[in-house]
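The primary structure of each chain is shown beneath.
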Amino acid sequence: MQTVTLKIKLLPPNKGKLEKMTRMLEIYRQACFWFLEQAEALNTTSRAHLNRETYRQACELFDLNRGTLQCAMLKALSVRRSYLSRKQRGKKASLPRFEKTIPVMVRQDCYSLHQLPSGTWVIKFPVSSGRSQIAVPLAASTYHAKRLQDLAGGSCRQGSVEIWRDKSGEWYAAISLVYETCLNEPCGVIGVDFGIVKLAVLSNNVFFDGRQVRWRKERWAERRKALQQAGRLSRVKKESGREQRWMRYINHCISKRIVEIAKAEGKAIALENLLGIRERAKGSKKFNRMMSGWNFRELASFIGYKAALAGVPVIYVDPKETSKTCPRCGNVSRYNRKTQGWFKCTRCGYQSDADRVGALNIAAKALDALGARL
């Protein structure tokens, strides 16, 4: 199973629908807080216990669809479990009060999606108890429309949806689509090495240069510094958001291309386990600032879910010594890499791009792991 979440903007609803949707948000927030209070009073994290003790009263108190009311109960229990878990680990934690509006979760069997003859997609969902529902058009992009066509064609099934309003007053829906995945038998492995100068290097000599990206991030950092010195903190936050969205777009493009290459060659993808990457990669203040805005985990997660949808296996390996090991003779030495970008083995003289050597070693480790599984 692989879940894909589509964040789609809703077209502005009319006055009547807007009032109903706003009221639904507020009642859902109140229901979440009420269930949290009841769970505290009963000292429980059990859904069955909380449902048995409070559900009938909740139905009388809150004018919500029964499925949505159940989602409010699950939200409250999830928050309480997280709170208790943090306390058990000795971390600072306070029980949320749900003072701000939160996204309304609608169960998969309580809403529907359909396409009008004009091509516009519409979501229909309940805003109160009973069978009362409203229909709101979606501002679906070409990508969204393609995924929704998958749903209409039976290639996937719909999961739950979350509906919310942002600070600017725009409404959004996060629709979950669940795909059945079937991984193909690989005939080899493509290793992927992540970096700063080169965003990603594949073991089959494909390089994703990061110089232009790095230049743009440095300009953004200088701009934020100037805005901060000028006291324009709201603009600093806005610029930071723009950078994050742009970097997310870059990660989507790179991950899509890597999966396409692996699928075309019928190979699995080998990624390094990224736990502790920020501790391992330390340098100057400028380098550390670059690292802070570089989301390696996001790129790896994008590769993971895109590969699952394409039927491409992904193998995670320990990256220890991959940058110091000769892929030809196996010699491990820190002197093999006297410069950042070039590798030269002190034993056999093998030379190559340092990041490509890392990708080759990651692929070799993955092949060993794949052979052990088989």
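The notes below deal with the structure included here.

**Topic: the overall build of the chain**
Next, step 1: Of the regular secondary structure elements, the chain holds 10 helices and 14 strands.
Next, step 2: If you line up the chain on its principal axes, its C-alpha atoms span 80 × 50 × 45 Å.
Next, step 3: Buried residues in the chain amount to 45% of all 374 residues.
Next, step 4: Of the roughly 20800 Å² of accessible surface on the chain, a fraction of 49% belongs to carbon and sulfur atoms.
Next, step 5: With 68 positive and 31 negative side-chain charges, the chain shows a separation of 4 Å between the mean positions of the two kinds.

**A short note on the pairing of strand β8 (residues 189-194)**
Next, step 1: Within β8, 6 of the 6 residues are buried, which leaves the element mostly enclosed by the surrounding structure.
Next, step 2: Taking every second residue as pointing to the same face, both faces of β8 are buried, with Val189, Gly191 and Asp193 on one and Ile190, Val192 and Phe194 on the other.
Next, step 3: Here β8 runs beside strand β11 (residues 268-272); their pairing, made up of 3 bridges, is parallel. If you follow Ile190 over to β11, its bridge partner there is Ile269.
Next, step 4: Two strands pair when backbone bridges link them, and β8 and strand β9 (residues 198-202) are joined in this way by 3 bridges, in the antiparallel orientation. Looking across to β9, one finds that Phe194 is bridged to Ala200.
Next, step 5: What sits between the antiparallel neighbours β8 and β9 is a turn of 3 residues.

**A look at the nonpolar core**
Next, step 1: Ranked by internal contacts, the top residues of the largest apolar core, which has 56 residues, are Leu10, Phe35, Leu69, Ile123, Phe125, Leu138 and Ile175.
Next, step 2: Ranked by residue count, the leading element in this core is helix α1 (residues 15-42), at 11 residues.
Next, step 3: Dropping the residues within four chain positions of it, Phe125 is found in contact with Met21, Met24, Cys110, Tyr111, Gln133, Ile134, Val136 and Ile163.
Next, step 4: Within the second largest apolar cluster, 28 residues are counted, among which are Phe194, Phe208, Leu271 and Ala307.

**A few points about the sheet that holds strand β2 (residues 104-106)**
Next, step 1: The strand order across the open sheet formed by 7 strands is β2-β6-β7-β1-β5-β4-β3, and the pairing between neighbours is antiparallel. Of all the strands in the sheet, the pair left with one neighbour each is β2 and β3 (112-115). This sheet shows a mean twist of 35 degrees between the axes of neighbouring strands, independent of strand direction.
Next, step 2: Bridge count for strand β1 (residues 2-10) against strand β7 (residues 171-179) is 8 bridges, and the pairing is antiparallel. Each residue of the ladder has a partner; that of Val4, found in β7, is Leu177.
Next, step 3: Together, β1, β3, β4 (121-126), β5 (133-139), β6 (156-165) and β7 form the strand contacts of helix α4 (residues 142-153), whose direction differs from that of β1 by roughly 125 degrees.
Next, step 4: Strands in contact with helix α9 (residues 296-310) are β1 and β7; relative to β1, the strand with the most contacts, it is inclined by about 110 degrees.

**With respect to the sheet that holds β8**
Next, step 1: One open sheet holds the 5 strands; their spatial order is β10-β9-β8-β11-β12, and the pairing between them is mixed. Each end of this open sheet is capped by a strand with a single partner; those strands are β10 (207-209) and β12 (314-317). Pairs of neighbouring strands in the sheet enclose a mean axial angle of 20 degrees, with direction left out of account.
Next, step 2: Relative to β10, β9 runs antiparallel, the two sharing 3 bridges.

**Points about helix α3 (residues 66-88)**
Next, step 1: For α3, which comprises 23 residues, the first-to-last C-alpha distance of 33 Å matches the rise-based estimate of 33 Å (1.5 Å per residue) to within 8%.
Next, step 2: Buried-residue contacts for α3 involve α1, α2 (47-61) and β2.
Next, step 3: Capping the start of α3 is the job of one residue whose side-chain oxygen sits 2.8 Å from the backbone nitrogen of Gly67: Asn65.

**Focus: the packing of helix α6 (residues 233-265) against α9**
Next, step 1: Where α6 contacts α9, the two axes come as close as 9 Å, and the packing angle between them is 40 degrees. Judged by the angle between their axes, α6 and α9 are oblique. Considering only the axes of α6 and α9, their crossing is right-handed. For the pair formed by α6 and α9, the contact residues are Met247, Arg248, Asn251, His252, Ile254, Ser255, Lys256, Ile258, Val259 and Lys263 on the first element and Glu298, Leu299, Phe302, Ile303, Tyr305, Lys306, Ala307 and Ala310 on the second.
Next, step 2: Residue composition of the contact of α6 with α9, grouped by class: 10 nonpolar, 3 polar and 5 charged.

**Concerning the side chain of Arg80**
Next, step 1: Tracing the backbone shows Arg80 in helix α3.
Next, step 2: According to the relative accessible area criterion, Arg80 is buried, its value standing at 4%.
Next, step 3: Apart from the residues within four sequence positions on either side, Arg80 is in contact with Leu36, Ala39, Glu40, Asn43, Thr44 and Thr45.

**Examining the packing of aromatic side chains**
Next, step 1: Counting across every chain of the model gives 5 aromatic pairs.
Next, step 2: Summarising the aromatic geometry, the rings of Phe194 and Phe296 are spaced 6.5 Å apart at their centres and angled 40 degrees between planes, so their arrangement reads as tilted. In this pair, Phe194 is assigned in strand β8 and Phe296 in helix α9, connecting sequence segments 102 residues apart.
Next, step 3: Exposure remark for Phe194: the relative accessible area of 7% places this residue in the buried category.

About the thresholds
Residues numbered from 1 in each chain as written. Predicted model: local features only at pLDDT ≥ 70, side-chain atom pairs only at ≥ 80, totals over all residues. Heavy atoms only, no water. Helix = DSSP H or I, 4+ residues; strand = E, 2+ residues; numbered from the N terminus. Buried < 20%, exposed > 50% of the residue type's maximum accessible area, 1.4 Å probe, protein only. Areas by Shrake-Rupley, 256 points an atom, 1.4 Å probe, with all protein chains shown as cover. Lys, Arg positive; Asp, Glu negative; His and termini not counted. Charge placed at Lys NZ, Arg CZ, Asp CG, Glu CD. Pairing = 2+ DSSP bridges. Core = buried A, V, L, I, M, F, W, Y, C linked by side-chain atoms within 4.5 Å. Contact = heavy atoms within 4.5 Å. Axes fitted to C-alpha atoms, helices over the stretch in contact; angles between N-to-C directions. Expected span 1.5 Å × (residues − 1). Polar contact = N/O pair within 3.5 Å; in protein donor to acceptor, adjacent residues only side chain to side chain. Parallel < 35°, antiparallel > 145°, perpendicular 65-115°, else oblique. Left-handed = near helix turned anticlockwise from the far one by under 90°. Nonpolar A, V, L, I, M, F, W, Y, C, P; charged D, E, K, R; others polar. Phe/Tyr/Trp six-rings, centres within 6.5 Å; stacked < 30°, edge-to-face > 60°.

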